[in-house]
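Below, each chain spelled out in residue letters.
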Amino acid sequence: MKKKVFWAFITFCLSILTIYALFYNSGLSFEELWIDIKEASPVWLIPAALCMFGFIFFEGRSLVLILRTLGYPAKKRRGFLYASADIYFSSITPSATGGQPASAFFMHKDGISGVAVTVSLILNLTMYTLAIITLGLFSLIFFPDIFLSFELPCKILILIGILMMFLLTLFFIILLKRQKLLVKIGTILISILKRLHCKNAAEKFNSKLNKILENYNECVVTLAGKKKLLVKTFLLNLMQRTSQILVTVFCYYALHGKLTNGLLVFAIQTYVVMGSNFIPVPGALGISEFLMYFGYTMLLEEESAYSLAILGRGISFYTCSIISIFTVVLGYIIIRYNYKHKGAAALKEDI
């Protein structure tokens with residue numbers, strides 16, 4: 001808990017510094033930004049807000065789909081809670097996967113086994129990463145000039161992001177396909193425990209590991225024969241990532257940008273996602289905003305680029321984080337209430 005509070009505080013400080021730096025460098029004032037927002041077209045701000053909700057919704061649907069395939073009749077509203085937990089805690093920790101333990105916490109409270117939780121989260125994260133790679137390939141193939149127009153530091157960040165995504169995808173596939181790797185890791189840990197003269201602990205761990213691997217293998221085998229599931233989870237994650245990127249496209253339109261530049265904005269934002277997704281900073285704060293600024297100056301004047309960066313991040317990141325933490329707190333209160341007044345058995349029936 002203290003660790004989460006620490007990172008929440010760090011995220012808050014980084015947010016203030018990032019916003020200050022953006023305003024300081026641009027010469028833009030809060031009054032001018034507020035005028036831009038007031039003059040923004042609500043016709044485009046509404047779909048921007050809906051796409052922000054879509055970022056949470058589609059991840060939740062993907063997790064529910066996987067869990068149902070594994071035999072857990074999870075409800076759609078629970079998926080929104082699982083996704084909100086993942087998104088919020090990922091935004092305040094220096095890791096793209098920092099929110100998964102929080103998501104796993106709520107799944108566990110709903111009576112889902114630890115093995116099923118692990119397999120579902122790994123599969124979803126694999127598809128999540130593949131979705132980013134797919135969108136990245138789209139931008140590299142159809143808009144290579146945009147990548148070449150970025151400053152050198154931005155190009156390096158984007159290339160590092162691409163490399164990390166490929167390595168991460170490969171690692172997840174190995175975990176899902178090669179259980180022998182897990183056995184080797186477990187064997188090494190058991191060997192270390194024995195060398196530390198923790199024989200009893202080593203034996204207990206070995207017994208637990210065998211049981212976990214057996215259940216893990218059953219889950220993987222269940223999913224392996226479900227090609228439609230893999231396609232659906234990939235498409236849902238693709239829609240999730242597309243929704244997030246479209247927030248900025250609609251914000252660009254709301255600030256009276258040219259309709260013909262929509263695909264260019266989409267490609268720029270895709271490069272921003274690739275360049276910032278694996279930076280070890282909570283929510284990629286600072287990194288994402290400045291990549292957005294350098295990208296948008298290809299299309300806009302400096303002041304307009306800052307306005308778009310602030311508005312786009314304001315909806316896609318800050319507003320999304322606020323809605324996510326509200327959902328998490330509400331979900332936790334409901335779980336506590338149900339355990340206190342209905343009991344664990346009644347809660348599991350409500351999954």
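Residues numbered from 1 in each chain as written. Predicted model: local features only at pLDDT ≥ 70, side-chain atom pairs only at ≥ 80, totals over all residues. Heavy atoms only, no water.

1. Focus on the overall build of the protein
The helix and strand inventory of the protein stands at 15 helices and zero strands. Counting only residues that meet the buried cut, the protein has 47% of its 351 residues in that class. Put simply, of all contacts in the protein between residues at least 6 apart along the chain, 77% involve residues at least 24 apart. (Helix = DSSP H or I, 4+ residues; strand = E, 2+ residues; numbered from the N terminus. Buried < 20%, exposed > 50% of the residue type's maximum accessible area, 1.4 Å probe, protein only. Contact = heavy atoms within 4.5 Å.)

2. A closer look at the packing of aromatic side chains
For the coordinates displayed, the defined rule picks out 14 aromatic pairs. Pairing Phe-138 with Phe-142 gives two aromatic rings, centres 5.2 Å apart and planes at 45°, and the pair type is tilted. Linking Phe-138 with Phe-142, this pair stays in helix α6 (residues 114-142), spanning four residues, or about one helical turn. Ring geometry for Phe-150 against Tyr-271: centres 6.0 Å apart, planes inclined by 75°, an arrangement best described as edge-to-face. Here Phe-150 is found in the loop between α7 (144-149) and α8 (152-177), whereas its partner Tyr-271 is found in helix α12 (residues 262-276), with 121 residues between them in sequence. Note on accessibility: Phe-150 and Tyr-271 belong to one class, buried. Each residue in the set Trp-44, Phe-250, Tyr-252 and Tyr-253 is aromatic and connected to the rest through ring pairs, giving one cluster. (Phe/Tyr/Trp six-rings, centres within 6.5 Å; stacked < 30°, edge-to-face > 60°.)

3. Focus on the pattern of salt bridges
Counted under the stated rule, the structure contains one salt bridge. In this structure, Arg-78 engages Asp-110 in a salt bridge whose closest nitrogen and oxygen atoms are separated by 2.8 Å. Of the two residues, Arg-78 is situated in helix α4 (residues 76-91) and Asp-110 in the loop between α5 (100-109) and α6; the sequence distance between them amounts to 32 residues. The pair Arg-78 / Asp-110 is uniform in exposure class, with both members buried. (Salt bridge = Lys/Arg side-chain N within 4 Å of Asp/Glu carboxyl O.)

4. A word on the side chain of Gln-240
Inspection of the secondary structure puts Gln-240 in helix α11 (residues 227-254). Among the residues examined, Gln-240 registers a relative accessible area of 0% and is labelled buried. In this structure the side chain of Gln-240 is engaged in a polar contact, spanning 3.0 Å, whose partner is the backbone oxygen of Phe-55. Residue contacts for Gln-240: discarding those within four places in its chain leaves Phe-55, Phe-58, Glu-59, Ile-87 and Tyr-128. (Polar contact = N/O pair within 3.5 Å; in protein donor to acceptor, adjacent residues only side chain to side chain.)

5. Topic: the packing of helix α3 (residues 42-69) against α4
With their axes 7 Å apart at the nearest point, α3 and α4 run at an angle of 115° to one another. Judged by the sense of rotation from one axis to the other, the crossing of α3 with α4 is right-handed. Where α3 abuts α4, its residues Phe-53, Phe-55, Ile-56, Phe-57, Glu-59, Gly-60, Arg-61, Leu-63, Val-64, Leu-67 and Arg-68 lie against Lys-76, Gly-79, Phe-80, Tyr-82, Ala-83, Ser-84, Asp-86 and Ile-87. Taken together, the residues that form the contact of α3 with α4 break down as eleven nonpolar, three polar and five charged. (Axes fitted to C-alpha atoms, helices over the stretch in contact; angles between N-to-C directions. Left-handed = near helix turned anticlockwise from the far one by under 90°. Nonpolar A, V, L, I, M, F, W, Y, C, P; charged D, E, K, R; others polar.)

6. Here's the deal with the confidence of the model for the protein
On average, residues of the protein score 78 in pLDDT, and 69% of them are at 70 or above. Put simply, helix α1 (residues 2-26) is where the protein has its lowest mean pLDDT, 50, and α3 is where it has its highest, 94. The low-confidence segment residues 20-29 (pLDDT under 50) makes 20 contacts with residues lying over four places distant or belonging to another chain. (pLDDT = per-residue confidence, 0-100.)

7. Comments concerning the packing of α4 against α5
As a packed pair, α4 and α5 sit with axes 7 Å apart at the nearest point and diverge in direction by 155°. The orientation of α4 relative to α5 falls into the category roughly antiparallel. The way α4 lies across α5 gives a crossing that is right-handed. Residues Leu-81, Tyr-82, Ala-85, Asp-86 and Phe-89 of α4 touch α5, and the partners they reach there are Gln-100, Ala-102, Ser-103, Phe-106 and Met-107. (Parallel < 35°, antiparallel > 145°, perpendicular 65-115°, else oblique.)

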